[in-house]
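One letter stands for each residue in the lines below.
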Amino acid sequence: SDTKVMTCAAVWRMPKELESGSHESPDDSSSNTQTLELLCHLDNTAHGNMACVMWEPMGDGKKIISLADNNILLWDLQESSAKAVLSSSTALEGKGQLKFTSGRWSPHHNCTQIATANDTAVRGWDTRSMRQIYCIENAHGQLVRDLDFNPNKQYYLASCGDDCKVKFWDTRNVTEPVKTLEEHSHWVWNVRYNHSHDQLILTGSSDSRVILSNMVSISSEPFGHMVDDDELSDQEDQHQEEKIKEPLQDSVIATYEEHEDSVYAVEWSSADPWLFASLSYDGRLVINRVPRALKYHILL
């Protein structure tokens, strides 16, 4: 607008044909391009530039949180999603230029908590009171770029940043990270937990690499897939006991180097737990699979 660049947010509806569950595929690729329907804008004129928008993880799709400069805004989509009403907000106060870079809405605690990143700090907020509930002051040595909650362990949170590190936190005790990964050689833009198997961690970085890590020791299945005693014969029983005695190993599973420039987005498929995509400034979208051997190791 005029001479200023503004970042804004809006809610759009996908065409019926593209909704999940409808399997009607167009007969050929030359069929008409579907257009999205604009439902409403999230009006942020009073609050500054939008950094991030998050849907409530569980729920009816009526609640959205947006981060605009130093404001957290909770929106209620009303009248069949055609209008967004600001239901509550809070501002981050302190010295200097305070701006949020990213945020995540926790799927735990009845969806009453979000985590935000600003500069080198990670903060937790209660969406009912809009008050801060924890703060990790210097979570990273430089800017924090991204956050993600463990889908299966309610207090576990991952963060990544410009210090090339990925850190895992227990939000009940934020003095020290539970684990730190130092595999990237430049800014880490993205960290994502696998939705089904939380030991699988995906990261993308300005070193042009995507790294898939196996953080089994801090996952919800640190001893692997649990097997009932009734399922085991005597011979298998002995083998199973030996297996449990093996030390737990966190390791890098694979490094993907198909990109030629910074990887600024990685995401797991919401339909297939073994599929993931990465997006880079080189203009490429790359889709990869978890190595088959690891997949069977996790499943069997």
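Quick caveat, the model's predicted, so the values are computed rather than measured.

1. Let's talk about the environment of Arg128
Next up, step 1: You can see Arg128 is positioned in the loop between strand E9 (121-126) and strand E10 (131-136).
Next up, step 2: Of the polar contacts made by the side chain of Arg128, one reaches the side chain of Asp126; its length is 2.8 Å.

2. A few points about the pattern of salt bridges
Next up, step 1: Inspection of the entire model under this criterion finds eleven salt bridges.
Next up, step 2: In this structure, the salt-bridge partner of Glu267 is Arg192, at a minimum N-O distance of 3.3 Å. Pair noted here: Glu267 is in strand E19 (residues 263-268) and Arg192 is in strand E15 (residues 188-193), with a separation of 75 residues, a long-range link.
Next up, step 3: Close ionic contact of Asp272 with Arg289 constitutes a salt bridge, the shortest N to O distance being 3.2 Å. Separated by 17 residues along the polypeptide, Asp272 in the loop between E19 and strand E20 (275-280) and Arg289 in strand E21 (residues 285-289) bring together distant segments of the chain.
Next up, step 4: Via salt bridges that share partners, Asp146, Arg192 and Glu267 belong to a single interconnected network.

3. Quick look at empty space enclosed by the protein
Next up, step 1: Applying the stated rule across the entire model yields one cavity of 30 Å³ or more.
Next up, step 2: For the largest cavity, the calculated volume is near 30 Å³.
Next up, step 3: Forming the boundary of the largest cavity are Cys164, Val166, Leu181, Glu182, Glu183, His184, Thr203, Ile211 and Ser213.
Next up, step 4: Tallied by class, the residues present in the lining of the largest cavity amount to four nonpolar, three polar and two charged.

The rules we used
- Residues numbered from 1 in each chain as written.
- Predicted model: local features only at pLDDT ≥ 70, side-chain atom pairs only at ≥ 80, totals over all residues.
- Heavy atoms only, no water.
- Helix = DSSP H or I, 4+ residues; strand = E, 2+ residues; numbered from the N terminus.
- Polar contact = N/O pair within 3.5 Å; in protein donor to acceptor, adjacent residues only side chain to side chain.
- Salt bridge = Lys/Arg side-chain N within 4 Å of Asp/Glu carboxyl O.
- 1 Å grid on protein atoms, 1.4 Å probe; cavity = no way out; pocket = protein on both sides within 12 Å on 5 of 7 lines; lining within 4 Å.
- Points joined across faces, edges and corners; volume = space filled by probe spheres on them.
- Nonpolar A, V, L, I, M, F, W, Y, C, P; charged D, E, K, R; others polar.

Keep in mind that these numbers describe shape and distance, not what the molecule does.
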